[in-house]
Every structure is written in structure tokens, then in C-alpha cells.
Amino acid sequence: MSGTRENSDDFLATDAGAESEVHAEAHEEARGGGTHEDGPEADTETETAGAADAPPAAADPVVELQDAHDALNDRHIRLVAEFENFRRRVNQERVDAWARAQAELVGKFLDSLDDLQRVSDLDPESATTASVLEGVELVERKFLRTLLDAGIEEMNPEGEPFDPNTMEAVMRADTDDPARDDHVAQVFQKGYLFKGHLVRPARVSVFKDS
């Protein structure tokens, strides 16, 4: 009986030890296994966090230069187009302004033309020489007034020193007076300036000391 009890006690002791070892291994496996399973996930999260915190990759300088060049080129093309449109517009406005000025000047001369036509329509049999001359003088004065109002300057340089810039010498007149040398002796055709620009030189004869 004692032998049987001893065997039974040994079996119980062995069984308890085995159960204790099983519990210990299960507990250790639970602790170690959890650590082993959480390890890769923790590493992945760490790598993700590190990637998020890492600075962005530097841009390619060649690409940046190409983009800047393209932007400047587009701006240049737009500026050229805008300037060309502006130049055409200014030229057209200048042409239009010149045409309006010419039309206005022509309109002022139409009254003088009407007067001249009335003189030419006079009946030669009934018109007198005096009436014809009076009509011509009226047209001349009106025409000249229109020119002066438009900015024309009349040059009648008789007795003035000869100026080759505004006069044309067509004849020489001898003189014994040194004071009259190189002065205008006679005006054959008056000269005209338009706002400082020579329209036609005066045609004159010039004294020369003989």
C-alpha cells in the first residue's frame, strides 16, 4: 500500500509539475508571442512616422530652369504681341488725325473756291474790269486769310539779307553800294513756311557789288 501511495504521490507530483510547466510556458508564450507579433507592426509604424517626418526630396534644378524659361518666353511673346498691336493702333490714329486735318483745311478753302467760281461765271458782256478785279482781290484775301489761319507764314524778303535756306536766287542785280551787297533786290515769287517748315523758297534777285 505504501508503495502504491508513493507511486501515486510521484505521479501527482509529476503531473503538477507538468501542469506548472505548461502554465509557465503558456504565460511566457503569451508574453513573448505578443511581443513577437507586435514587433513588425511597431517597426512599420516607426518607418511610416520617419518617412512622414523626412524632408521632401529636392526639386530638379533643370526642371525649375526650364519652367522659368517657358514662363519668361510666354511673357515675352505676349509683350511683343501687345506692342505690335499698340504700334499699329498708334499709326492708324496718326493717319486718321492727318486725314482729318487735311479734310478740315480743304473745307476752309472751299469758300474761296466758291467765290472764285462766281467771278468766273460773270457775264463778259455785262461785267466790268473793275468788278472782275474786285472779285479776284476778294478771293485772294480770303484765300490768304485761310492759309494764315492754318499756320502758313508768307515770306516777302525784299530788301532783306539773302538767306539760302529760305530763298532761291534766280537773278543777279549789280550795285555800287556795298551796303546793299547780298541783299534781296526783287521778289519774283513769295515763299511760304508752315509751322517752321519750308514749303516753298522765295525766288528773288540779289544785289552784288560790282
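Here's what I pulled together on the structure shown here. (Residues numbered from 1 in each chain as written. Predicted model: local features only at pLDDT ≥ 70, side-chain atom pairs only at ≥ 80, totals over all residues. Heavy atoms only, no water.)

1. Quick word on a negative patch on the surface
Spelled out, the test is: Residues qualify for a patch when their relative accessible area is over 30% and they have no salt bridge, like charges being joined within 9 Å and the nonpolar side chains of Val, Leu, Ile, Met, Phe, Trp and Tyr within 5 Å. In these tables, accessible area is a Shrake-Rupley quantity obtained with a 1.4 Å probe, and a residue counts as shielded only by the protein chains included in the view. We define a salt bridge as a contact between a side-chain nitrogen of Lys or Arg and a carboxyl oxygen of Asp or Glu at a distance within 4 Å. Positive: Lys, Arg. Negative: Asp, Glu. His and the chain ends are not part of the count. For this purpose, a charge sits on NZ of Lys, CZ of Arg, CG of Asp or CD of Glu. Where helices and strands are cited, they refer to DSSP runs of H or I of at least four residues and of E of at least two residues respectively, numbered from the N terminus. Any residue under 20% of the maximum accessible area for its type is buried, any over 50% is exposed, and the rest in between are partly exposed; the area is computed with a 1.4 Å probe on protein chains only.
On the surface, a cluster of negative charge is made up of Asp60, Glu64, Asp67, Asp70 and Asp74. With respect to the helices and strands, Asp74 occurs in helix α2 (residues 61-120). With a relative accessible area of 41%, Asp74 lands in the partly exposed category.

2. Concerning the pattern of salt bridges
Applying the stated rule across the entire model yields 7 salt bridges. Note that Glu154 and Lys190 form a salt bridge whose closest N and O atoms lie 3.2 Å from each other. Taken together, the residues span a long stretch of sequence, with Glu154 in strand β1 (residues 152-155) and Lys190 in the loop between β3 (184-189) and β4 (191-194) at a distance of 36 residues. Among the ionic pairs, Arg172 bridges to Asp174, the shortest N-O distance being 3.4 Å. Residue Arg172 shares its accessibility class with Asp174, and that shared class is exposed. Residues joined in a network through salt bridges with shared partners are Glu84, Arg87 and Arg88.

3. Thoughts on the nonpolar core
This is how the line gets drawn: Only buried residues count toward a nonpolar core, which is a set of Ala, Val, Leu, Ile, Met, Phe, Trp, Tyr and Cys residues joined through side-chain atoms within 4.5 Å. When checking whether two residues touch, look at their non-hydrogen atoms; a contact exists if any pair is within 4.5 Å.
Counting residues in each nonpolar core, the largest one holds 6 residues, listed as Met167, Val184, Val187, Ala202, Val204 and Val206. Those elements giving two or more residues to this core turn out to be β3 and β6 (202-209). Residue contributions to this core peak at 3 residues, all from β6. Contacts of Val206, omitting those with residues within four sequence positions, involve Phe162, Ala169, Met171, Arg172, Ala173, Asp182, His183 and Ala185.

4. Structural notes on the sheet that holds strand β2 (residues 167-175)
Cut-off, in case you're wondering: In this analysis, strands are considered paired if DSSP registers two or more bridges between them. Each axis is a line fitted through C-alpha atoms, taken for helices only over the stretch in contact, and angles between the N-to-C directions span 0 to 180 degrees.
Taken in spatial order, the 3 strands make up an open sheet running β2-β6-β3, and their pairing is mixed. This sheet does not close on itself; its edge strands, each paired only once, are β2 and β3. Neighbour-to-neighbour, the strand axes of this sheet turn through a mean angle of 25°, independent of strand direction. As defined by bridge partners, β3 adjoins β6 across 4 bridges and the pair is classed as antiparallel. Each residue of the ladder has a partner; that of Gln186, found in β6, is Ser205.

5. Remarks on a nonpolar patch on the surface
Judged by side-chain polarity, Val106, Leu110, Leu113 and Leu116 come together as a nonpolar surface patch covering roughly 340 Å² of accessible area. For Leu116, the location among the structural elements is in helix α2. Leu116 gets classed as partly exposed once you look at its relative accessible area, which sits at 44%.

6. Describing α2
Definition in use: The span expected for a helix works out to 1.5 Å for each residue beyond the first. We define the bend at each residue as the angle formed by axes fitted to the 7 residues ending at it and the 7 residues starting at it. We define a polar contact as two N or O atoms separated by no more than 3.5 Å, with the added condition that, inside protein, one atom must be a possible hydrogen donor and the other a possible acceptor, whereas residues neighbouring each other in sequence contribute only through side-chain atom pairs.
Look at α2: 87 Å from first C-alpha to last across 60 residues, which is about the 88 Å you get at 1.5 Å a residue. The sharpest bend along α2 measures roughly 25° and falls at Leu110. Those residues of α2 that sit buried are Phe109, Ser112, Asp115 and Val119. In the core, the buried residues of α2 are packed alongside α3 (129-149). For α2, the capping residue at the N-terminal end is Asp60, with a side-chain oxygen 3.1 Å from the backbone nitrogen of Val62.

7. As for α3
Because each turn of an α-helix spans 3.6 residues, side chains separated by three or four positions end up pointing in the same direction. Formally: In this description, one arc is meant: the one made by directions from the helix axis to the C-beta atoms.
The terminal C-alpha atoms of α3 lie 30 Å apart, and with 21 residues this matches the ideal 30 Å at 1.5 Å per residue to within 8%. Buried within α3 are the following residues: Gly135, Val139, Thr146 and Leu147. Taken down its axis, α3 places every buried residue within 110° of arc, on the same side. Across from the buried face of α3, at angles greater than 90 degrees, the exposed residues are Thr129, Ala130, Glu134, Glu140 and Asp149. Tucked inside the fold, the buried residues of α3 contact α2 and β1. Gly151 lies just past α3 and shows a positive phi near 105°.

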